[in-house]
Amino acid sequence: MNTPLPPAEELALIDRELAQLDARRLYLLSRRDWLLRLLLQPGSGPAPVRWGPAVSGVPAGPAGTPGTSKEASAPSAQNVLLTLGAVLLAVAALAFTLVSWGSMGIAGRSAVLAAVTAAALGAPLLLLRRGLRSTAESVAAVGLLLTVLDAYALHAVGMPDVNGTGYAAGAAAVLATAWAAYGSGLRTLRLPLPAAVSAAQFALPLAALAVRPGPQALGWALLATAALDAALALRVRWAAIPAAVSAAGALLIGVAQSWSAGSAAAAVAPAALLLAGAALGVAVAWREPRASAAALVGALAAVAGLGGVVRPVLDPAWTVLAHLLLALPLLAAVRVPALPAAVRRGSARAGAAVAALAALSAGAAAATALVARLRVLGEVWAATTPDREPYGPGAAVVLILLIAAGAARWTGRALSRPEPTVVAVVLAWAGLFTAPVLLGFPVAAVFAAQLAVVGAAGVLALRSPERGVRIAAAVCALVGAANVSLGALDGRTATFAVWGLLGVGCAAGAAYGPAPRPVRSGAAVCAVGYATGVLVAAGAVSDLAVVWWALPVLAVPALVAALGPRLGEVRLPVEIAAAVAGVLALGLSAGRAGTLALVLALAGVVCAGAAVRPERRVLGWAAGALLAAATWVRLAEAGVSAPEAYTLPVTVPALVVGLLRRRRDPQASSWTAYGPGLAATLPPSLLAAWGDPGWMRPLLLGVAALVVTLLGARRRLQAPLLLGGAVLAAVAVHELAPYVVQVAGALPRWVPPALAGLLLLAVGATYERRLRDARRLRAAIGRLR
C-alpha cells in the first residue's frame, strides 16, 4: 500500500480515527440503552430526545434493533469459574481424606494420593504451554493443598505415635522447601513461592513449642523467623508482611513477659529478646532507606526491654522517669549524620513517642494535684488545707515534666520548628507550678512559688517574640492564676494577699507598652476582675449585709469611667469588664429595694459621667435608663399605686423640650426628642395597669397609647409609634387574656393543636410573601425619624 504520508504520520492518523470510532460507538450504545429503558417504562408517553455532543464516526443504526444486556468481562468470569472449581476440588479432596479414607487399603490409599497429587502438580506445566495461565494457577493451588493432605495422611496412618507439634514443624519445613522448589521450576506461576514462605512461618515456632513449650522459646523462634523473612524482603518486597507479623508476635511476647516479671532477674530474659528485636529493626532500617518504621519499633523495643529490668525495683512514677531517660539518646540521633536517614527518623520518633507518653502520665498526676483545690469551694475561708500536703508521685512527676520540657526545647532547636518550643513552655510551666504541691512545701511557700511561676509565664507572654510561645505562656499564666486564686479562698489573709498581688501584676502587664495588644487587653481585664474580687472580699470581711457589698464594687466602673482615654488601647475591654462589675453590683443589691434604687442611681451617675466624652455619648441612654429604673424601684418601694402623679410632671416638660428640639432641628431623631419623656411614663403605667384589677387604668392607658401611636404614624416618628404600639399591645393582651383562657378551657383539647397546625401551614405556604412583607415593614420603620 502506497500513501503520500510517511508511515509515522499515517499511523498517528489511523490511531486518531480508531479512537473517534470507539468514542462514537460508546456514545451510541449508551444512547440506545437509555431509549430502550424509556420505551419499556409502563405508561410512558413521548419524551423529548436529549442529544449529547456530536461525535464524528459511523452513523447510527436502526433505533429498534434489539440489544443485549451488559455481560461480565471474559477475564473476570474466567477467574470466578476457576476459583469456584478449585474450591470444589479442595472440598472433594478433604471429604475423601476425612471420610472415605478408611474404606481403602494401604496400597490403594498411597496410589490414589500419589496419582492425584502428581497429576495436580504436573498439569500446570501442560496448561502453561497452552497459554492457560489462570487455569494453571487454580490447578496448582489444588496440588499444593493435596500435598498438605498427603502430610496429614502420612502422620495419621504411618506415624501416629510421633509428636503432633514436632511432626507439624517438620512437615511445614518440608512443604515450604518443596513448594519453593516447585515455584522455582515454574516461575510463571505466582502462587507457589508465597505459599512456601507462608508455610515456612510455622516451622521454627512449632519446633520451639515441641522442644521447649513456653512463651520465651516461642518468642525467639518468631524473631528468628522474622529475621529470615527480613533477609528475603530485601529481594522480594512482599516478604516484609510476614516479617512484620512474626516480629510483632515476638515483641509482644517480650513486652508481656517483661512487664509481668516479678524481679529484675526474671526480666533479663525478656529484655534480651526485646533487644534482639531492636537490633533486627535497626538492621533492616540500615539496609532499607524506606524502613524507618522498623527503626521506630526497634527503638521502642529497646526502651521497653531496658526499662523492664528496673521496673520491679522502682515505683510507677520513677519507672516512667527511667523510660524517659532511656529515650533521651534516641532524640539525639537526629543530630548524628553518620546514621542512615531511616535510622535517624525512626529513632527520633520513638524517643518523641516515649517522651510524650511520659509527659502525659506526669501531666495526669499534676492535674490531680490542681483539681484537688476545688474542695475549697465547699467551705470558703475555712482553713481546711493542711500545712503540708504531699502527693504520692512526689519529685518523679516534677522531674519528668521538666526533663520532657528540656527535650522538647532541644528538639525544637534541632529541627528549627516552633511547635516543640510551645510544648516545652507548657511542660515547664506544669512542672514548676505543681512542684511545690507535689514536693509537700508549706502552704505559704506553695503560694509564693506558684505566684512566681505565674508571674514568669506572664512576663514570657508579654515579651516573647514568637506568637505560639506568647499564646501558650498567656494560657498557662491564666490557668495558673485561676488555680492559685482558687486555693487562696481557703483563708482570708491568703485571699487578699494573692488576689491583690495578681491584680497588681495584671495591671503592670496591661501598662507594658511593647507587649501585643491582645495580651495587654487580657491582663487589663484580669486586673479589673481581681479588683472587683478584692472589693467583694472586703465587703464580706466587714460583716455587712450582702446588698451593701454593691457600693464598693461600684468603685470599679467609676474608676474606669474616670480614667477614660488614659487607658489607651485596652480601653474597650476594660470598660466591658467594668460593665460586668456594674452588673454584679446590681445583682448584689437586688435583695433590698431601697439599696437597689441607690445602686441604680449611682450606676446612672457613672454612665452619665462617662457620656460627657464625645466618643461615649451612647452611654447617655444607659444613664437615663438606670436613673428611670432607680425612680421606678423607689416608687414601688414606697407603695405608690399611681405612678403617673410622679412621672407626668417629668414627661410633659420632656415632651415640650423635645418638640422645641424638633422645630429647631427637623433631622433630630424622635428617640432623642420624645423617647425619654415617653419612657418616663408609659412603662411604669403599664406595670401598674397589669397589677390593677379595675378597668379604668387600663382603659386610660390604652387610650393614651393609641393616641401616641396614631401621632407617631401621622408624623412618621419612630419612637412614639413603637413605644405607643408596644404599650397598646401589652394592654390588649392583659385585657383579653382572661377571656382567651376561658375560651381555651371550653374548647376540646384537640382544637388548640389543630389551630396551631393550621397557622403553621398558612405561614409556611405564604412564607416568602410574609418575608417580603416583614422586610418592607422593617424598611418603612427604618425610614421613620
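Along every chain, residues carry numbers that run from 1 in the direction the sequence is written. Per-residue local features of the predicted model are confined to residues with pLDDT of at least 70, and side-chain atom pairs are confined, for both listing and counting, to 80 or more; whole-chain, interface and lining totals are unaffected and use all residues. No hydrogens and no water enter the side-chain calculation; it runs on all heavy atoms of the structure.

Caption draft 1: Expanded view of the overall build of the protein. Starting at the N terminus, helices and strands are each numbered in turn, a helix being any DSSP run of H or I of at least four residues and a strand any DSSP run of E of at least two. Along the backbone of the protein there are 31 helices and 0 strands. Counting every position in the protein, which comprises 785 residues, the buried fraction comes to 36%. The classification of residues rests on relative accessible area computed with a 1.4 Å probe and restricted to protein chains. Under 20% of the type maximum is buried, over 50% is exposed, and intermediate values are partly exposed.

Caption draft 2: Molecular detail of the pattern of salt bridges. By salt bridge we mean one thing: a side-chain nitrogen of Lys or Arg within 4 Å of a carboxyl oxygen of Asp or Glu. One pass over the structure, following the stated rule, counts 9 salt bridges. One salt bridge connects glutamate 575 with arginine 616, and the closest N-O pair in it is separated by 2.9 Å. One end of the pair, glutamate 575, is in helix α22 (residues 571–588); the other, arginine 616, is in the loop between α23 (593–610) and α24 (619–637), with 41 residues separating them in the sequence.

Caption draft 3: Highlighting helix α6 (residues 192–200). For α6, the set of buried residues is Pro192, Ala195, Ala196, Val197 and Ala199. Looking at the packing, one finds that the buried side of α6 touches α4 (133–158), α5 (164–185), α7 (203–211), α8 (215–233) and α9 (240–259). Contact between two residues is taken to exist if any of their heavy atoms lie within 4.5 Å; hydrogens are not considered.

Caption draft 4: Focus on the nonpolar core. Core analysis: the biggest nonpolar cluster contains 44 residues, and Leu401, Trp429, Phe433, Val484, Val498 and Leu502 have the highest contact counts within it. The greatest single-element share of this core, amounting to 8 residues, is contributed by helix α13 (residues 341–371). The next biggest cluster of nonpolar side chains, apart from the first, holds 29 residues, and it includes Ala510, Ala524, Ala597 and Val633. Side-chain atoms within 4.5 Å link the members of a nonpolar core, which is a set of buried Ala, Val, Leu, Ile, Met, Phe, Trp, Tyr and Cys residues.

Caption draft 5: Spatial organisation of α7. Buried residues of α7: Ala203, Pro205 and Ala208, and no others. Tucked into the core, α7 has its buried residues touching α5, α6 and α8.

Caption draft 6: Geometry of the packing of aromatic side chains. By convention, a stacked pair of Phe, Tyr or Trp rings (six-membered ring in the case of Trp) has centres within 6.5 Å and planes under 30 degrees apart, an edge-to-face pair has planes over 60 apart, and any other such pair is tilted. Within this structure, the stated rule accounts for 2 aromatic pairs. Considering the side-chain rings of tryptophan 429 and phenylalanine 433, the 5.2 Å spacing of their centres and the 20° angle between planes classify their relative orientation as stacked. Taken together, the residues tryptophan 429 and phenylalanine 433, both in helix α15 (residues 419–438) and 4 residues apart, mark about one turn of the helix. A ring pair is formed by tryptophan 499 and tyrosine 530, whose centres lie 6.5 Å apart and whose planes are at 65°; its orientation type is edge-to-face.

Caption draft 7: The arrangement of the packing of α7 against α8 in detail. Geometry is summarised by axes, namely lines fitted to C-alpha atoms with helices restricted to the contacting stretch, and by angles between N-to-C directions that run from 0 to 180 degrees. Contact geometry for α7 and α8: axes closest at 8 Å, N-to-C directions at 160°. Viewed along their axes, α7 and α8 adopt a mutual orientation that is roughly antiparallel. Remark: the crossing between α7 and α8 carries right-handed chirality. For the pair α7 and α8, the contacting residues are Leu204, Pro205, Ala208 and Leu209 in the first and Ala217, Leu218, Ala221, Leu222, Ala224, Thr225 and Leu228 in the second. Oblique is the label for any angle not under 35 degrees, not over 145, and not in the 65 to 115 range, which are roughly parallel, roughly antiparallel and roughly perpendicular in turn. It is the rotation of the near helix from the far one that decides the hand of a crossing: anticlockwise by less than a right angle makes it left-handed, clockwise makes it right-handed.

Caption draft 8: Structural detail: unusual backbone geometry. Even without glycine at this site, serine 416 takes up a positive phi of about 55°. Position of serine 416 relative to the elements: it lies in the loop between α14 (395–415) and α15. Owing to a relative accessible area of 63%, serine 416 belongs among the exposed residues under this scheme. One non-glycine residue, arginine 716, lies in positive phi territory at about 60°. The residue arginine 716 is located in the loop between α28 (696–715) and α29 (718–746) in this model. Residue arginine 716 is classed as partly exposed on the basis of its relative accessible area, which comes to 47%.

Caption draft 9: How the structure looks around the confidence of the model for the protein. What pLDDT conveys is the predictor's confidence in a given residue, as a value from 0 to 100. Mean pLDDT over the protein stands at 82; residues scoring 70 or higher make up 86%. Predicted confidence for residues 44–75 stays below pLDDT 50, and this span has 24 contacts to residues more than four positions away or in other chains.

Caption draft 10: Summary view of a positive patch on the surface. A surface patch of positive charge is lined by Arg769, Arg772, Arg775 and Arg778. Along the chain, the position of arginine 775 falls in helix α31 (residues 767–783). When its relative accessible area of 49% is taken as the criterion, arginine 775 is described as partly exposed. Grouping into patches uses exposed residues only, defined as over 30% relative accessible area, and leaves out salt-bridged ones; the cut-off is 9 Å for like charges and 5 Å for nonpolar side chains (Val, Leu, Ile, Met, Phe, Trp, Tyr). To measure how exposed things are, a 1.4 Å probe is used in the Shrake-Rupley method; for residues, cover is taken only from the protein chains shown. Counted as positive: Lys and Arg. Counted as negative: Asp and Glu, with His and the chain ends omitted from the count. In plain terms, the charge of a residue is placed at NZ if it is Lys, CZ if Arg, CG if Asp and CD if Glu.

Caption draft 11: The arrangement of the environment of threonine 421 in detail. Mapping threonine 421 onto the fold places it in helix α15. The buried category is assigned to threonine 421, whose relative accessible area is 8%. Distance from threonine 421 to alanine 408, taken between C-alpha atoms, is 6.3 Å for residues 13 residues apart in sequence.

Caption draft 12: Structural view of a nonpolar patch on the surface. On the surface, a cluster of nonpolar side chains totalling about 710 Å² of accessible area is made up of Trp695, Met696, Leu699, Leu700, Val703, Val707 and Leu711. Looking at valine 703, the relative accessible area reads 45%, which means it is partly exposed.

Caption draft 13: Summary view of the packing of helix α16 (residues 443–463) against helix α17 (residues 467–488). One way to put it is that α16 packs onto α17 with a least axis distance of 8 Å and a crossing angle of 155°. As the angle between them shows, α16 and α17 are arranged roughly antiparallel. Of the two possible hands of crossing, α16 and α17 adopt the one that is left-handed. Contacts from Phe447, Gln450, Leu451, Val454, Ala457, Gly458, Leu460 and Ala461 of α16 reach α17 at Val469, Arg470, Ala473, Ala474, Ala477, Gly480, Ala481, Val484, Gly487 and Ala488. Put simply, Ala, Val, Leu, Ile, Met, Phe, Trp, Tyr, Cys and Pro go in the nonpolar bin, Asp, Glu, Lys and Arg in the charged bin, and everything else, Gly too, in the polar bin. When its residues are assigned to classes, the contact of α16 with α17 shows 13 nonpolar, 4 polar and 1 charged.

Caption draft 14: The state of the cysteines, seen in detail. Throughout, a disulfide means two cysteine sulfur atoms within 2.5 Å of one another. Counted under the stated rule, the structure contains 0 disulfides. Summary of cysteine pairing: cysteine 506 is not part of a disulfide, and the nearest cysteine sulfur, belonging to cysteine 526, is at 4.7 Å.

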